[in-house]
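# Commentary on secondary and tertiary structure
The lines below spell out each chain.
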Amino acid sequence: MSIVENRKAFHDYFIEERYEAGIALEGWEVKAIRGGRSSIAEAYVMVRRAELFLIGAHITPLPTASTHVTPDPTRTRKLLLNADEIKRLIGKVEQRGYTLIPLNLHFNKGRIKLEVGLGRGKLKHDKRATEKEKEWNREKQRLLRSR
């Protein structure tokens, strides 16, 4: 079940591979995400010392957050993946010019997971072609329905 999607990612990037990663979260963050108070629109994934981190994801704390914890809504969160997957991703990002993009925050068996996409940036003419194709598909559907 999806919690938050990053729709802009599909507009700006060609997504070639997808990976599901766990996230190291604190208790107040889990409660806030379950309450629907999260955003990954401006977030990105960065590689540091053979580890992956989610940077820029905004999780607004609930007003009933604990008094002894000072919540930081945009703190850096570690992503949890298999070591082989991390090595493969790091290799592609460093050598071939790919980018890691957070696509979707969702539940899997009661746990919060992040879907990370390996993508290449679209150029302006690629975005135009994609938009033109979407419009043509909509027009085809309208024509088929009108018959």
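Residues numbered from 1 in each chain as written. Predicted model: local features only at pLDDT ≥ 70, side-chain atom pairs only at ≥ 80, totals over all residues. Heavy atoms only, no water.

### Thoughts on the side chain of Ser38
This is how the line gets drawn: For the purposes of this entry, the term helix denotes a DSSP run of H or I that reaches at least four residues, the term strand denotes a run of E that reaches at least two, and both are numbered from the N terminus. For every residue, the accessible area (1.4 Å probe, protein chains only) is compared with the maximum for its type, and the residue is labelled buried under 20%, exposed over 50%, or partly exposed between those bounds. The criterion used for residue contact is that any of the two residues' heavy atoms lie within 4.5 Å.
Within the fold, Ser38 resides in strand 3 (residues 38-39). Look at Ser38 and you get buried, because its relative accessible area is 14%. Ser38 has contacts with Ile3, Val4, Ile33, His58, Ile59 and Leu105, leaving out every residue within four places of it along the chain.

### Remarks on empty space enclosed by the protein
Rules: Points on a 1 Å grid over protein atoms alone make up a cavity when a 1.4 Å probe fits among them but cannot get out, and a pocket when they form an open set with protein on both sides within 12 Å along at least five of seven lines; lining residues each have an atom within 4 Å of a point. Grid points are joined across faces, edges and corners, and a volume is the space filled by probe spheres set on the points. Here the term charged refers only to Asp, Glu, Lys and Arg, the term nonpolar to Ala, Val, Leu, Ile, Met, Phe, Trp, Tyr, Cys and Pro, and the term polar to all other amino acids, Gly among them.
One pass over the full model with this rule turns up two cavities of 30 Å³ or more. Approximately 60 Å³ is the volume found for the largest cavity. Surrounding the largest cavity, Ile23, Leu25, Ile33, Ser39, Ile40, Leu54, Ala57, His58, Ile59, Arg77 and Leu105 form its lining. Within the lining of the largest cavity, the residues separate by chemical class into eight nonpolar, two polar and one charged. A volume near 50 Å³ is recorded for the second largest cavity. The wall of the second largest cavity is formed by Phe10, His11, Lys122, Lys127, Thr130, Glu131 and Lys134. Of all elements in the fold, only helix 1 (7-12) and helix 4 (124-146) reach the threshold of two or more residues within the lining of the second largest cavity. Broken down by element, the lining of the second largest cavity gets its largest block of residues, four residues, from helix 4.

### Description of the packing of aromatic side chains
Worth spelling out the cut-off: For this analysis, a ring pair means two rings from Phe, Tyr or Trp (six-membered ring only for Trp) whose centres lie within 6.5 Å, classed as stacked if their planes differ by under 30 degrees, edge-to-face if by over 60, and tilted for the remaining angles. Note on criteria: charge over ring means Lys NZ or Arg CZ within 6 Å of the ring centre, with the direction from the centre no more than 35 degrees off the ring normal.
A complete count under the given rule lists zero aromatic pairs for this structure. Across from the ring centre of Phe53, 5.5 Å away, lies the NZ or CZ of Arg48, which sits over that ring. Here the guanidinium or amino end of Arg120 rests over the ring plane of Tyr98, the centre of that ring lying 4.5 Å away.

### A few points about helix 2 (residues 27-34)
Test applied: By definition, the arc is the one covered by directions from the helix axis to the C-beta atoms.
Among the residues of helix 2, Trp28, Glu29, Ala32 and Ile33 are the ones counted as buried. Along the long axis of helix 2, the arc covered by the buried residues comes to 135 degrees, so they all point the same way. More than 90 degrees from the buried face of helix 2, the exposed residues found are Gly27, Lys31 and Arg34. Downstream of helix 2 by one or two residues, Gly36 has phi in the positive range, about 80 degrees.

### Concerning the pairing of strand 2 (residues 13-23)
Note the following rule: Strand pairing follows a simple DSSP-based rule, namely that at least 2 bridges must link the two strands.
Examined bridge by bridge, strand 2 and strand 9 (residues 111-121) share nine bridges and lie antiparallel to one another. Pairing of Glu20 across the sheet is with Glu115, part of strand 9. In terms of strand pairing, strand 2 meets strand 7 (residues 77-80) through two bridges, oriented antiparallel. By the bridge assignment, Ile23 is partnered in strand 7 with Leu79.

### A look at the sheet that holds strand 8 (residues 99-108)
Stated formally: Interaxial angles span 0 to 180 degrees and are taken between N-to-C directions of axes, which are lines fitted to C-alpha atoms, for helices over the stretch in contact.
Taken in spatial order, the seven strands line up as 1-8-9-2-7-5-4 in an open sheet, and their pairing is antiparallel. Where the open sheet ends on each side, the last strands, each with one partner, are strand 1 (2-5) and strand 4 (44-48). Averaged over all pairs of adjacent strands, the angle between their axes in this sheet comes to 40 degrees, without regard to strand direction.

### Here we look at the nonpolar core
Worth spelling out the cut-off: We define a nonpolar core as any set of buried Ala, Val, Leu, Ile, Met, Phe, Trp, Tyr and Cys residues linked to one another through side-chain atoms lying within 4.5 Å.
Within the largest apolar cluster, 27 residues are counted, with the highest numbers of intra-cluster contacts made by Leu52, Leu79 and Leu114. Of all the secondary-structure elements, those providing two or more residues to this core are strand 2, helix 2, strand 5 (51-55), helix 3 (83-96), strand 8 and strand 9. Each residue touching Leu114, except ones within four places of it in the same chain, is listed here: Tyr19, Glu20, Ala21, Ile23, Ile40, Leu54, Leu79, Pro102, Asn104, Leu105 and His106.

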